[in-house]
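The lines below spell out each chain.
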Amino acid sequence: MGGPGSGGARDGAGRPVIDGEVRERISLTLSPRLIRHLRQSAEQKRVSVSQLVADILENKL
C-alpha cells in the first residue's frame, strides 16, 4: 500500500490535512447497530464518522 493513488493528503490533490495532522487508517469490527448509531450521530453533528470517533476517543481517554 501507499504511493500514488493511495488517498490521503497530497499537494494539489484536493485533500487537505485535517487539524494540521496527517491521518492514518485503522480497521474496526463493530456491530451493525453500533455502526448505525455512529453514522446517525455523525450526521446530526455534521461531522464525518472518523471525526466523531476521534472526538470520542480524545474525550474519553
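Look up a bit, the structure's there.
All of these numbers come straight from a predicted model, not from anything done at the bench.

### Topic: the overall build of the chain
So, step 1. For the chain, the helix and strand inventory stands at 2 helices and 0 strands.
So, step 2. Evaluated residue by residue, the chain yields a buried proportion of 7% over its 61 residues.
So, step 3. Surface exposure of the chain reaches about 5900 Å², of which carbon and sulfur atoms provide 51%.

### What about helix H1 (residues 32-45)?
So, step 1. Spanning 14 residues, H1 covers 20 Å between terminal C-alpha atoms, matching the ideal 20 Å at 1.5 Å per step.
So, step 2. Structurally, H1 contributes buried residues whose contacts are with helix H2 (49-60).
So, step 3. Phi turns positive, to about 60°, at Arg46, one or two residues after H1.

### Things to note about unusual backbone geometry
So, step 1. The backbone of Arg46 sits at a positive phi, close to 60°, despite the residue not being glycine.
So, step 2. Its location among the elements puts Arg46 in the loop between H1 and H2.

### Observations regarding the packing of H1 against H2
So, step 1. Running from amino to carboxyl end, H1 crosses H2 at an angle of 95°, the nearest separation of the two axes being 9 Å. Classified by the angle their axes make, H1 and H2 are roughly perpendicular. On the side of H1, the interface is formed by Leu38, Arg39, Ser41, Ala42 and Lys45, while H2 contributes Val49, Leu52, Val53 and Ile56.
So, step 2. Here the residues of the contact of H1 with H2 sort into 6 nonpolar, 1 polar and 2 charged.

### Topic: a nonpolar patch on the surface
So, step 1. Together, Ile26, Leu28 and Leu30 line one region of the surface with nonpolar side chains, adding up to about 310 Å² of accessible area.
So, step 2. When you line up the elements, Ile26 lands in the segment before H1.
So, step 3. When its relative accessible area of 68% is taken as the criterion, Ile26 is described as exposed.

What counts and how
- Residues numbered from 1 in each chain as written.
- Predicted model: local features only at pLDDT ≥ 70, side-chain atom pairs only at ≥ 80, totals over all residues.
- Heavy atoms only, no water.
- Helix = DSSP H or I, 4+ residues; strand = E, 2+ residues; numbered from the N terminus.
- Buried < 20%, exposed > 50% of the residue type's maximum accessible area, 1.4 Å probe, protein only.
- Areas by Shrake-Rupley, 256 points an atom, 1.4 Å probe, with all protein chains shown as cover.
- Expected span 1.5 Å × (residues − 1).
- Contact = heavy atoms within 4.5 Å.
- Axes fitted to C-alpha atoms, helices over the stretch in contact; angles between N-to-C directions.
- Parallel < 35°, antiparallel > 145°, perpendicular 65-115°, else oblique.
- Nonpolar A, V, L, I, M, F, W, Y, C, P; charged D, E, K, R; others polar.
- Patch = residues over 30% accessible without salt bridge, like charges linked within 9 Å, V, L, I, M, F, W, Y side chains within 5 Å.
- Salt bridge = Lys/Arg side-chain N within 4 Å of Asp/Glu carboxyl O.

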